[in-house]
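So you can see what is in the structure, the chains are spelled out below.
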Amino acid sequence: MSGGARSYLDAARSFSALSLALTAACSGSSGAGLKSPGEPRLGNTIRVEIAASSALNSFSPLRALGAGIDRFDTGTVDLMFSKPMLEPVMSSGWGAVSYRLNTELHVEAWHWNPTGSWSMPNQRGYFTGDPQPNAAIKHSFGFPLPRRGFTRNEGTEAVGFSRLTDGARDSFWKSNPYLASAFTGEDETPFPQWIVIDLGTPQAVDTLGIDWAEPYAKSYQVQYFTGPEAMKRPADGEWRAFPAGDIRDGHGGAVTHKLAATASKVRFVRVLMNDSSQTCVAGDSTDRRNCVGYAINEVHLGRCPRPDS
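Bear in mind that the values here come from a model prediction, so they are computed numbers and not experimental data.

Undergrad: Please set out the overall build of the chain residue by residue, giving values where relevant.
TA: What the chain contains, in helices and strands, is six helices and 15 strands. Looking at the chain as a whole, 33% of its 309 residues qualify as buried. Here the contacts in the chain between residues at least 6 apart in sequence split such that 73% fall between residues at least 24 apart. Working note: accessible area of the chain is about 18700 Å², and carbon and sulfur atoms make up 53% of it.

Rendered as structure tokens:
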């Protein structure tokens, strides 16, 4: 909660007709008082005017401002929902306060709670929540599962590995099944799925290894980003395919692709996937979510030594 929350609430009645007009009045006229670059500007005034007649826009603080809490373990969540904690939070005047889950799984398809069922034994596969729970759901979980639907650690950046690079054959990355045409009813071609590998700093790369799970991509492109930061500054560069990065005859399994005759220094590499094999995870076709999208056990990226080296 913000330390300034009370001051916002005290003025709530007047905010509906409030405007803040900032006027810089320079002393003198015809440029008098202006200083050359590097010199301090003396005699300038900032005037804050509050007048309903000159309002440019308005908002309701109770609707526009809010607060949320997230990323707590089970014991802490129980404490947060106890009466001694709820009373001072609710007394602040904000209205409803939400508890939001923000984990390394990131997308809603990979969260679960105690009220529902799994598609496979021992909390494996996909979770489906109970549409008519008998009690309030207080806990929602997102700790690492055998299949993991996102390539970043998100809320737990300091620990763990992506399922793409954890070295474990019994875990894998799986794309969100609900983006497949089986669920959207739309053509998937304009909306390919992808993974991005961030090497941290530019590294010499000419080879990519992919250990596909089921389903796999029958066609995909291996690309590199030309700018400094693909995820945070996507407008400062573009994705370009490696010279031999266009694969159109994928058959799954463990494959190695020589992407270029000579290595290039790159930081971000993307695998852009199209045309799912629609083969099923562990051969289980009883749940159609197992048979759509794409799944990868491991990826390997680097430089293959030359035969004469």
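Undergrad: Pulling in residues and values, what's your account of the state of the cysteines?
TA: Joining two cysteines, a disulfide is a covalent bond between their sulfur atoms. For the structure on display, the rule yields one disulfide. Linked covalently through their sulfurs, C280 and C291 form a disulfide whose S-S length is 2.0 Å. Between C280 and C291, the S-S torsion sits near 110°, and that sign places the bridge as right-handed. Here C280, found in the loop between β14 (264-276) and β15 (295-302), pairs with C291, found in the loop between β14 and β15; they are eleven residues apart in sequence, far enough to count as distant. In terms of burial, C280 and C291 fall into one category: buried.

Undergrad: An account of unusual backbone geometry is needed here, citing residue identities and associated values.
TA: Of note, the bond from E214 into P215 is cis; its omega dihedral lies within 30 degrees of zero at -5°. Take P215: it is sitting in the loop between β10 (207-212) and β11 (217-225). Positive phi, normally seen in glycine, also occurs at D275, with a value near 65°. On the basis of relative accessible area, D275 is assigned to the partly exposed category, the value being 42%.

Undergrad: Talk me through the nonpolar core; I want residue IDs and the actual numbers.
TA: With 22 residues, the main nonpolar core has I195, W212, Y220, V222, M273 and I296 as its most contacted residues. Contributing elements (two or more residues each) for this core: β9 (193-205), β10, β11, β12 (239-247), β14 and β15. Among the elements that make up this core, the one with the highest residue count is β14 (four residues). Setting aside chain neighbours within four positions, we find M273 in contact with W173, P192, Q193, W194, I195, W212, A217, S219, Y220, Y294 and I296.

Undergrad: Quick rundown of the confidence of the model for the chain? Include the residues and the values.
TA: Looking at the chain, pLDDT values average 76 and 71% of them are 70 or higher. Counting contacts from residues 1-39, a segment whose pLDDT is below 50, to residues more than four positions away or on other chains yields 55 contacts.

Undergrad: Quick one: what's the story with the sheet that holds β14, residue by residue and with numbers?
TA: Across the sheet, four strands lie side by side as β9-β14-β11-β12; this open sheet has antiparallel pairing. Each having just a single partner strand, β9 and β12 make up the two edges of the open sheet. Taken over all neighbouring pairs, the strand axes of this sheet differ in orientation by 25° on average, direction set aside.

Cut-offs used in this document
Residue numbering note: each chain is counted from 1, following its sequence as written. With the structure being a predicted model, the display of local features is reserved for residues of pLDDT at least 70 and the display and counting of side-chain atom pairs for 80 or more, all residues being used for whole-chain, interface and lining totals. Working from all heavy atoms in the structure, the side-chain values ignore hydrogens and water. Secondary structure counts use DSSP, requiring at least four H or I residues in a row for a helix and at least two E residues in a row for a strand, with both numbered from the N terminus. The buried label goes to any residue with under 20% of its type's maximum accessible area, the exposed label to any with over 50%, and the partly exposed label to all in between, with areas taken from a 1.4 Å probe on protein chains only. Contacts are assigned to residue pairs with any non-hydrogen atoms lying within 4.5 Å of each other. Areas reported here follow the Shrake-Rupley algorithm with a probe of radius 1.4 Å; residue values treat only the protein chains shown as occluding. The definition used for a disulfide is geometric: two cysteine sulfur atoms within 2.5 Å. In this description, a nonpolar core means a group of buried Ala, Val, Leu, Ile, Met, Phe, Trp, Tyr and Cys residues linked to one another through side-chain atoms lying within 4.5 Å. Every residue gets a pLDDT, meaning the predictor's confidence in that residue, from 0 to 100. We treat two strands as partners when DSSP finds at least two bridges between them. Whenever a helix is involved, its axis is fitted only over the stretch in contact; in every case the axis is a line through C-alpha atoms, and angles between N-to-C directions fall within 0 to 180 degrees.

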